[in-house]
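# An overview of the molecular structure
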Amino acid sequence: MFNFREILSVTLILFSVIDILGSIPIVIDLRKKVGQVESGKATLVAGVLMILFLFGGDNLLGLFGIDVGSFAIAGAIVMFIIGMEMILGRSFFKNEPIEGATNSSSIVPIAFPLIAGAGTLTTLVSIKAEYGELNILVGIIVNLAFVYLVLKSTDWLEKKIGAGGISVLQKVFGIILLSIAIKLFKDNITNI
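Nothing here was measured: the structure is a model prediction, and the numbers come from that model.

Here the focus is the side chain of threonine 43. With respect to the helices and strands, threonine 43 occurs in helix α3 (residues 39-63). For threonine 43, a relative accessible area of 9% gives the class buried. Within the structure, threonine 43 has its side chain in polar contact with the backbone oxygen of serine 39 (distance 2.8 Å). Those residues within four positions of threonine 43 in sequence are excluded, and the remaining contacts are Leu144, Val147, Tyr148 and Leu151.

Looking now at helix α5 (residues 107-115). Of the residues making up α5, those classed as buried are Pro109, Ile110, Ala111, Pro113, Leu114 and Ile115. As for α5, its buried residues are in contact with α1 (4-18), α2 (24-34), α3, α4 (68-88), α6 (118-127) and α7 (133-152).

This part takes up the environment of tryptophan 156. As for its placement among the helices and strands, tryptophan 156 is situated in helix α8 (residues 154-189). Classification of tryptophan 156 as exposed rests on a relative accessible area of 53%. Sequence separation between tryptophan 156 and glycine 62 is 94 residues, and the spatial gap between their C-alpha atoms is 43 Å.

Across the interface, α3 lies against α7 with an axial gap of 10 Å and an inter-helix angle of 160°. It follows from the interaxial angle that α3 and α7 lie roughly antiparallel. Crossing handedness for the pair α3 and α7: right-handed. From α3, Ser39, Gly40, Ala42, Thr43, Ala46, Gly47, Met50, Ile51, Leu54 and Phe55 reach across to α7, where they touch Glu133, Ile136, Leu137, Ile140, Leu144, Val147, Tyr148, Leu151 and Lys152. Class assignment of the residues belonging to the contact of α3 with α7 gives a composition of 13 nonpolar, four polar and two charged.

This brings us to α4. Taking 1.5 Å per residue, 21 residues should reach 30 Å; α4 reaches 30 Å between its end C-alpha atoms and fits that length. Listed in full, the buried residues belonging to α4 are Gly69, Phe71, Ala72, Ile73, Gly75, Ala76, Met79, Ile82, Gly83, Glu85 and Met86. Backbone geometry just after α4 places glycine 89 at a positive phi near 70°.

Summarising the element assignment, threonine 123 is placed in helix α6. When residues no more than four places from it in sequence are discounted, the contact partners of threonine 123 are Ile13, Leu14 and Val17.

This next bit is on the confidence of the model for the chain. Looking at the chain as a whole, its pLDDT mean stands at 82, while 91% of the residues score no less than 70. Element-level pLDDT for the chain is lowest in α4, with a mean of 78, against a maximum mean of 95 in α7. Within the model, pLDDT remains below 50 along residues 95-102, and this stretch shows six contacts once partners closer than five positions in the same chain are excluded.

For the rest of this paragraph, the subject is the pattern of salt bridges. A complete count under the given rule lists four salt bridges for this structure. With a closest N to O distance of 3.0 Å, aspartate 155 and arginine 31 form a salt bridge. On the criterion of sequence distance, the pair formed by aspartate 155 in helix α8 and arginine 31 in helix α2 is long-range, its members being 124 residues apart. Judged by relative accessible area, which is 16%, arginine 31 ranks as buried. Of the charged contacts, one joins glutamate 158 and arginine 31 as a salt bridge, the two residues approaching to 2.3 Å between their closest N and O atoms. Of this pair, glutamate 158 sits in helix α8 while arginine 31 is found in helix α2, placing the two residues 127 residues apart along the sequence. One network of salt bridges, with partners in common, ties together Arg31, Asp155 and Glu158.

Attention now moves to the environment of valine 17. The residue valine 17 is located in helix α1 in this model. A relative accessible area of 28% means that valine 17 is categorised as partly exposed. Sequence spacing of valine 17 and isoleucine 115 is 98 residues, and the spatial spacing of their C-alpha atoms is 8.7 Å. Those residues in contact with valine 17 that sit more than four places away from it in its chain are Gly119, Thr120 and Thr123.

The rules behind these values
Residues numbered from 1 in each chain as written. Predicted model: local features only at pLDDT ≥ 70, side-chain atom pairs only at ≥ 80, totals over all residues. Heavy atoms only, no water. Helix = DSSP H or I, 4+ residues; strand = E, 2+ residues; numbered from the N terminus. Buried < 20%, exposed > 50% of the residue type's maximum accessible area, 1.4 Å probe, protein only. Polar contact = N/O pair within 3.5 Å; in protein donor to acceptor, adjacent residues only side chain to side chain. Contact = heavy atoms within 4.5 Å. Axes fitted to C-alpha atoms, helices over the stretch in contact; angles between N-to-C directions. Parallel < 35°, antiparallel > 145°, perpendicular 65-115°, else oblique. Left-handed = near helix turned anticlockwise from the far one by under 90°. Nonpolar A, V, L, I, M, F, W, Y, C, P; charged D, E, K, R; others polar. Expected span 1.5 Å × (residues − 1). pLDDT = per-residue confidence, 0-100. Salt bridge = Lys/Arg side-chain N within 4 Å of Asp/Glu carboxyl O.

Below, the structure is given as structure tokens:
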């Protein structure tokens, strides 16, 4: 049954974990490197991952013998590396074009791990104990709509913020991303 309070809580929790506003500098930087980011594709793939994890995350990880904590630590390491890229201005992830393949930069690192990363996916598995699945599903959809709007608006946002502003935001949000990665790592390392 729909519960507005639960939907609002889940939406706010996911909004803070996804942190798409904090990812704007990453998206702009990635777009400069690879040419374009397919907003719809990234949002759709992230949505599918989130819904799959909502309904079968524990079972899916169990098939591979992976616990939620280990998954979260792996995601934290990827987030840490992306944060280091933002702060240091170095590229650790190389997006080399593969002949005949479509642009995968919309999937990695945007759909996963930025939008539907380890933090988001482990949060979904965790909040199932407290909130109804239908309310969580609505919260996911609301967040995906916002994510899509932000991804579509990066050109406009870049023009409004300017190159200097993007550089400052990139460093600030790189530190925030590093902090989130370290917290995710720290919270889950003790569970292994």
